[in-house]
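Reading the structure
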Amino acid sequence: RTLKEFDIADKVVVCSLYTFNSFLENGFPEEKLYNVALDSNFVPKRDHTRNFKKREFVVGIAGSSVIRKGFIYLLEAWKELDVTNATLLLRTSKSELKKVPKIWNLIDGDNNIKIVDHLNDMEDFYEKCDLFVLPSIDEGFGMVVFEALACSLPVIISKNVGAGDFITDGKEGFVVDIRNVQQIREKIEQLHSDRQLLQNMSAKAKETYDDYRNKNNNYAQRVKKLYFQYKDN
């Protein structure tokens with residue numbers, strides 16, 4: 001049904017260059033694609049000025065599709081880390097994690113890995129973190145990236161996260177290859193040891209989010225423009 005709908009559509013709206021290119025790789029005609037980034041309605045309710053001089057270092061990841069979002073690669077990197085006073089927060093359900101024995105075996109019995117099963121306000125989760133990681137295998141956009149940036153969190157994302165269209169490697173964080181445990185580990189270790197870099201990236205993260213929110217050519221305007229092209233047809 002989906003393929004039939006794509007075939008009869010005049011345009012197919014996609015939300016990132018990653019998604020755009022995935023269509024092209026599968027032989028979809030480029031002229032039928034319309035790329036427009038999503039807008040985020042997430043606005044922090046409080047200031048998130050960070051204190052990276054504290055001893056504890058907290059890394060977070062969030063999502064329900066734990067396989068697709070690359071939880072296992074972050075967990076494997078975490079097991080190889082040579083850092084102290086570090087905690088990994090997993091914002092997902094324990095039942096989802098237990099469905100994948102290879103993932104659960106990396107978590108079970110590790111006191112430095114905490115599962116956050118439910119939160120009324122995701123801002124509370126981002127507040128606890130010093131770094132947000134999303135090493136997804138496939139992520140059309142990834143709104144949680146912008147929620148993290150909004151809370152002044154540096155990010156580590158994979159090249160298959162669509163929100164990477166707005167991320168500059170080495171500015172707000174790092175962009176790594178998919179399934180690359182070594183790169184994830186090295187970047188976490190680098191930010192754990194270089195708190196000034198972490199502080200600089202925190203400031204850049206908020207700047208990038210503000211620029212994204214204030215962009216003139218937003219989702220609503222671009223989609224409206226597209227609709228009006230076909231209004232009289």
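So, here is what we can say about the structure in this document.

Parameters at a glance
Residues numbered from 1 in each chain as written. Predicted model: local features only at pLDDT ≥ 70, side-chain atom pairs only at ≥ 80, totals over all residues. Heavy atoms only, no water. Helix = DSSP H or I, 4+ residues; strand = E, 2+ residues; numbered from the N terminus. Polar contact = N/O pair within 3.5 Å; in protein donor to acceptor, adjacent residues only side chain to side chain. Contact = heavy atoms within 4.5 Å. Pairing = 2+ DSSP bridges. Axes fitted to C-alpha atoms, helices over the stretch in contact; angles between N-to-C directions. Salt bridge = Lys/Arg side-chain N within 4 Å of Asp/Glu carboxyl O. Buried < 20%, exposed > 50% of the residue type's maximum accessible area, 1.4 Å probe, protein only. Phe/Tyr/Trp six-rings, centres within 6.5 Å; stacked < 30°, edge-to-face > 60°. Lys NZ or Arg CZ within 6 Å of the ring centre and 35° of its normal. Right-handed = clockwise from strand over helix to strand, strands pointing away. Arc of directions from axis to C-beta.

1. Concerning the side chain of Glu139
Note that Glu139 resides in the loop between strand 6 (131-134) and helix 7 (143-150). Within the structure, Glu139 has its side chain in polar contact with the side chain of Lys69 (distance 2.9 Å). Once you skip the residues sitting within four places of it in the chain, Glu139 turns out to touch Tyr18, Arg68, Lys69, Leu134, Asn160, Val161 and Gly162.

2. Quick word on the sheet that holds strand 5 (residues 113-116)
The parallel open sheet is built from 6 strands, whose spatial order is 5-4-3-6-7-8. In this open sheet, the two edge strands, each paired with only one partner strand, are strand 5 and strand 8 (173-176). When the angles between neighbouring strand axes are averaged without regard to direction, this sheet yields 20 degrees. For strand 3 (residues 57-62) and strand 6, the ladder comprises 2 bridges, and the chain directions are parallel.

3. Describing the pattern of salt bridges
Here the structure, examined in full by the defined rule, presents 16 salt bridges. Between Asp110 and Lys79 there is a salt bridge, and its shortest N-O distance comes to 2.7 Å. Remark: Lys79 occurs in helix 3 (residues 71-80) and Asp110 occurs in the loop between helix 5 (101-107) and strand 5; sequence separation between them is 31 residues. When its relative accessible area of 17% is taken as the criterion, Asp110 is described as buried.

4. A few points about helix 3
By the criterion of burial, helix 3 is predominantly enclosed, with 7 of the 10 residues buried. Those residues of helix 3 that sit buried are Phe71, Ile72, Tyr73, Leu74, Leu75, Ala77 and Trp78.

5. Description of the packing of aromatic side chains
Summed over the entire model, instances satisfying the criterion amount to 10 aromatic pairs. Between Phe6 and Phe23 the ring centres are 5.2 Å apart and the planes differ by 65 degrees, which places this aromatic pair in the edge-to-face class. Taken together, the positions of Phe6 in helix 1 (residues 2-8) and Phe23 in helix 2 (residues 17-25) put the pair 17 residues apart, joining distant regions of the chain. The exposure class assigned to Phe6 is partly exposed, which follows from its relative accessible area of 25%. Take Phe23: its relative accessible area is 16%, and that puts it in the buried class. Both rings, one in Phe42 and one in Tyr126, keep their centres 6.1 Å apart while their planes meet at 80 degrees; by these two values the pair is edge-to-face. Of the two residues, Phe42 is situated in the loop between strand 2 (33-35) and strand 3 and Tyr126 in helix 6 (residues 122-128); the sequence distance between them amounts to 84 residues. For Phe42, a relative accessible area of 15% puts it in the buried group. Through a chain of ring-to-ring contacts, the aromatic side chains of Phe42, Phe125, Tyr126 and Phe132 assemble into a single cluster. When the ring centre of Phe174 is taken as origin, the NZ or CZ atom of Lys187, which lies over that ring, is 4.4 Å away. Its guanidinium or amino end placed over the ring of Tyr34, Arg222 lies 4.8 Å from that ring's centre, counting from NZ or CZ.

6. A look at the pairing of strand 7 (residues 155-158)
The alternating pattern of strand 7 places Val155 and Ile157 and Ile156 and Ser158 on opposite faces, both of which are buried. By the bridge criterion, 3 bridges tie strand 6 to strand 7 in an arrangement that is parallel. Bridging from a neighbouring strand, Leu134 pairs with Ile157 of strand 7. Following the chain from strand 6 across helix 7 to the adjacent parallel strand 7, one finds a crossover that is right-handed.

7. Some points on helix 2
Of the positions making up helix 2, those classed as buried are Thr19, Phe20 and Phe23. Down the axis of helix 2, the sector holding all buried residues measures 105 degrees, keeping them to one side. Looking at the packing, one finds that the buried side of helix 2 touches helix 1, strand 1 (12-14) and strand 2. Positive phi appears at Gly27, one or two residues downstream of helix 2, with a value of about 80 degrees.

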